[in-house]
Amino acid sequence: MDEAAIGWSGLALSLILVAVAVALSLWQGLRLEREILWACGRAITQLLAVGYLLLLVVDEDTPVIWAWLWVVAMVIFAAVTVRRRASDVPDILRLSALAIAASAAISLLVVFGLGVYPNVGRAVVPIAGMMIGNSIGSVVVAARRIVGELADRRPEVEARLALGQPWQQASKPFVRSALRTALTSQLESTKAVGLVFLPGAMTGLILAGVDPVDAVLVQAAIMYLILGCVATNVVVIGLGLTRRLFTPDHRLVRLARTAA
Amino acid sequence: MPPPPTVTTRTSEASARRPVGAPLFELDAVVLEIDGRSILRGISLAISDDGITVLLGPSGAGKTMILRLLNRLEVPTAGVVRFRGESVASIDPLALRRRVGMVFQRPAPFPGTVRDNLLVADPAASNEALLAALAGAGLAPTFLDRSADDLSGGESQRMCLARTLVTRPEVLLMDEPTSALDPDARHRLERTARDLAAEGRPVVWVTHDLDQADRLADDVLVVIDGRVASADERDRFLKSERG
């Protein structure tokens, strides 16, 4: 495993590539130098902070409950991130927290309940992190697309409501289209894995000296978990948000158009 | 032969010709505010149970919102809306909307054929029922298997009317249904509305077109600035519209 550790000197050398990015920005007049430096500085600060905290959480002597509390914090932070990226979607903080918590609970129950991975901090935190982290983008897309579809297609939705259809039925074609869009990106990544790119966990394991076939098995299990988690997230946000956008007497609330 | 009565004479006679029993619709001191903006300002009116009642007034007067209140696509901020004497708030909204059909200003065809569109209104409707709805909207049976996307504006609006007729509504609400149509399609749809009213299905028709109101109305209510116009306001509006 030591072969994979690059140390502080390795990290310092990798800054050469940041210097290349800054130089390119200066050469082309992109005016992104400050942003590149800020992003790199912020990333290393955050990662170091997380790394030192993880040292405590994944220590074999630390009770696993701390790892699960870490997961709760990740859910809250993910919901706050979703709210920041989809601030024009009504009630998004509560709905995204609910969706991410529900999908994480289901996925993690399968993973650790069935013993796919051992219930230890070293497994709980990174696996939950991958599932929750990959869900954020899909939740944002699903939420914004649902609001966008229902706002844009209001005449059709109201024509259906005026025929006596309940909101669940009147919104179905548009919500379905939004959910398909939200899931497409994850499906495409799942299909392209191995052919177009080698995913992070597998790359990390191979760099750390694990047998490539073993790394593939780990990665495949993680991909399936992420896919299941994202699908659950998208469906929960779809159901919850659509219910929120209609009144109990089957009227579509007023919606501001949101850029999907 | 005396000239046909005009909107002016009809509005003057309207209250005298109100039915003795419960009106088809009643608005009682209805206020409607949307996003803090006042749309209807304590409006009270009654709509009779036969023929075509035209809601006439300038754009932005609140006519469309009155129609939307009648089949509960909107709910009043204050006041009561009644359908055949019963508050619409106490009627199941889905049942109410099937009894009170609505055709919107712009046609909203659903994907698929005309048959697919009609079946959205009633998935169990028989072929005969679909053909009857098409006939009611003035469309030939051959339209049934045409793609809804290929219809002209007038045909599409008729299909939307047929789709509404599939639910066998007791009354039809028509919100400026001819505003996007050419004169020929407009006159054909007006004739269809007259036929439906003559068959005993009352129609509430919204327009800002005085000539259309003259051609269609059995009864006229002039709405200005979220209220039923006073006699003076109505006369001023009619005069300005007549140029």
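Up top is the structure.
Residues numbered from 1 in each chain as written. Chains lettered and ligands numbered in written order. Predicted model: local features only at pLDDT ≥ 70, side-chain atom pairs only at ≥ 80, totals over all residues. Heavy atoms only, no water.

S.K.: Explain the environment of V120 of chain A here, please?
M.R.: Here V120 of chain A lies in the loop between α4 (92-113) and α5 (121-152). As for V120 of chain A and Q186 of chain A, which are separated by 66 residues in sequence, their C-alpha atoms are 27 Å apart. (Helix = DSSP H or I, 4+ residues; strand = E, 2+ residues; numbered from the N terminus.)

S.K.: How should I be thinking about the sheet that holds strand β10 (residues 227-228) of chain B in this particular structure?
M.R.: Hydrogen bonds between backbone groups are what pair the strands of a sheet, and the pairing can be parallel or antiparallel. Residues and elements named next belong to chain B. With mixed pairing, the six strands of this open sheet are ordered in space as β6-β7-β8-β3-β9-β10. Bordering the open sheet on either side are β6 (100-103) and β10, each of which pairs with just one other strand. Here strand β3 (residues 52-56) runs beside strand β8 (residues 203-207); their pairing, made up of five bridges, is parallel. Of the residues in β8, the one forming a bridge with T53 is V204. Here helix α9 (residues 231-242) sits on the sheet in contact with β3, β9 (219-224) and β10, set at roughly 95° to β9. (Pairing = 2+ DSSP bridges. Contact = heavy atoms within 4.5 Å. Axes fitted to C-alpha atoms, helices over the stretch in contact; angles between N-to-C directions.)

S.K.: What am I meant to see in helix α7 (residues 183-198) of chain B here?
M.R.: Helical geometry: 3.6 residues make up each α-helical turn, so side chains three or four residues apart lie on a common side. All names here are of chain B. Look at α7: 22 Å from first C-alpha to last across 16 residues, which is about the 22 Å you get at 1.5 Å a residue. Those residues of α7 lying buried are A185, L189, E190, T192, A193, L196 and A197. The buried residues of α7 occupy an angular sector of 160° when projected down its axis, which confines them to one face. What points out from α7, more than 90 degrees from its buried face, is the exposed set D184 and A198. For α7, the elements touching its buried residues are β3, α5 (127-136), α6 (153-165), β7 (171-175), β8 and α8 (210-216). With a side-chain oxygen lying 3.1 Å from the backbone nitrogen of D184, the N-terminal cap of α7 falls on D182. Following α7 by one or two positions, G200 adopts a phi angle in the positive range, close to 100°. (Expected span 1.5 Å × (residues − 1). Buried < 20%, exposed > 50% of the residue type's maximum accessible area, 1.4 Å probe, protein only. Arc of directions from axis to C-beta. Polar contact = N/O pair within 3.5 Å; in protein donor to acceptor, adjacent residues only side chain to side chain.)

S.K.: How should I be thinking about the packing of α4 of chain A against helix α9 (residues 212-245) of chain A in this particular structure?
M.R.: Two measures define how a pair of helices packs: the angle their axes make with one another and the distance between the axes. Residues and elements named next belong to chain A. Two elements in contact, α4 and α9, have axes separated by 8 Å at closest approach and are oriented at 145°. With respect to the hand of their crossing, α4 and α9 are arranged in right-handed fashion. Residues I92, L95, S96, A99, I100, S103, A104, I106, S107 and V111 of α4 touch α9, and the partners they reach there are L225, C229, T232, N233, V236, I237, G240, L241 and R244. A per-class count over the contact of α4 with α9 returns twelve nonpolar, six polar and one charged. (Left-handed = near helix turned anticlockwise from the far one by under 90°. Nonpolar A, V, L, I, M, F, W, Y, C, P; charged D, E, K, R; others polar.)

S.K.: Got a minute to help me understand the environment of A142 of chain A in this structure?
M.R.: Residues and elements named next belong to chain A. Structurally, A142 is set in helix α5. Exposure remark for A142: the relative accessible area of 0% places this residue in the buried category. The sequence separation of A142 and L187 amounts to 45 residues, and the corresponding C-alpha distance is 14 Å. In this structure, A142 is in contact with A178, L179, A182, V234 and I237, ignoring residues within four places of it in sequence.

S.K.: Where do I start with the layout of surface pockets in this structure?
M.R.: If a probe as big as a water molecule is rolled over the atoms, it shows which places are left empty. Of the volumes computed, that of the largest pocket is approximately 2,100 Å³. When residues of the lining of the largest pocket are traced back to their parent elements, those giving at least two are α1 (7-28), α2 (33-57), α3 (65-85), α5, α8 (200-207) and α9 of chain A. Sort the elements by how many residues they give to the lining of the largest pocket and α5 of chain A lands first, with ten residues. A breakdown of the residues in the lining of the largest pocket according to their chemical character gives 33 nonpolar, eight polar and three charged. In this structure, the second largest pocket occupies an estimated 520 Å³ of space. Contributing to the lining of the second largest pocket are 25 residues, with T64, M65, R68, Q105 and D175 of chain B lying nearest its centre. (1 Å grid on protein atoms, 1.4 Å probe; cavity = no way out; pocket = protein on both sides within 12 Å on 5 of 7 lines; lining within 4 Å. Points joined across faces, edges and corners; volume = space filled by probe spheres on them.)

S.K.: Please explain empty space enclosed by the protein as it appears in this structure.
M.R.: Enumeration according to the criterion identifies one cavity of 30 Å³ or more in this entry. If you add up the space inside the largest cavity, you get close to 90 Å³. Around the largest cavity, the lining is made up of 13 residues, and of these A159 of chain A together with M102, F104, R163 and T164 of chain B lie nearest the centre. Looking at the lining of the largest cavity, the elements that each hand over two or more residues are α6 (154-162) of chain A together with β6 and α6 of chain B. Residue composition of the lining of the largest cavity, grouped by class: nine nonpolar, two polar and two charged.

S.K.: I keep staring at the pattern of salt bridges and nothing clicks. Help me out?
M.R.: Two side chains with opposite charge may pair up if their charged atoms get near one another. Counted under the stated rule, the structure contains 25 salt bridges over all chains. Through salt bridges with shared partners, one network takes in R154, E158 and R254 of chain A together with R68 and E74 of chain B. (Salt bridge = Lys/Arg side-chain N within 4 Å of Asp/Glu carboxyl O.)

S.K.: Whenever I open this one, the packing of aromatic side chains confuses me. Can you help?
M.R.: The geometry of an aromatic ring pair is captured by two quantities: the separation of the ring centres and the angle between the planes. Counted under the stated rule, the structure contains three aromatic pairs over all chains. Taking 5.7 Å as the distance between ring centres and 20° as the angle between the ring planes, the aromatic pair formed by W167 of chain A and F246 of chain A counts as stacked. Remark: F246 of chain A occurs in the segment after α9 and W167 of chain A occurs in helix α7 (residues 167-192); sequence separation between them is 79 residues. For W167 of chain A, a relative accessible area of 12% translates into the label buried. Here the basic side chain of R160 of chain A rests over the ring of F110 of chain B, its NZ or CZ set 4.0 Å away from the ring centre. A cation over a ring is seen here: R163 of chain B above F110 of chain B, with NZ or CZ 3.8 Å from the ring centre. (Phe/Tyr/Trp six-rings, centres within 6.5 Å; stacked < 30°, edge-to-face > 60°. Lys NZ or Arg CZ within 6 Å of the ring centre and 35° of its normal.)

S.K.: What's the story with the pairing of β3 of chain B in this structure? I'm lost.
M.R.: If a strand is regular, its side chains alternate between the two faces of the sheet. All names here are of chain B. Among the five residues in β3, five count as buried, and that is most of the element. Residues I52, V54 and L56 of β3 are buried on one face, and the alternating residues T53 and L55, pointing to the opposite face, are buried as well. Pairing analysis gives four bridges linking β3 to β9, with the strands arranged parallel. Opposite L56, over in β9, you have V222 as the bridge partner.

S.K.: Looking at this structure, how should I read the sheet that holds strand β1 (residues 25-34) of chain B?
M.R.: All names here are of chain B. Taken in spatial order, the four strands of this open sheet run β2-β1-β4-β5, and their pairing is antiparallel. Two strands in the sheet have a free side with no partner beyond their single neighbour: β2 (37-47) and β5 (86-87). Packed on one face of the sheet, helix α2 (residues 63-70) meets β1, β2 and β4 (78-83) and runs near 115° to β1.

S.K.: What should I look at first to understand a nonpolar patch on the surface in this one?
M.R.: All names here are of chain A. A cluster of nonpolar side chains, namely I65, W66, L69, V72, I76, V80 and L93, defines an oily patch on the protein surface of about 630 Å² accessible area. Looking at the nonpolar patch, the element that brings in the most residues is α3, giving six residues. Mapping I76 onto the fold places it in helix α3. Overall, the relative accessible area of 51% leaves I76 in the exposed class. (Patch = residues over 30% accessible without salt bridge, like charges linked within 9 Å, V, L, I, M, F, W, Y side chains within 5 Å. Areas by Shrake-Rupley, 256 points an atom, 1.4 Å probe, with all protein chains shown as cover.)

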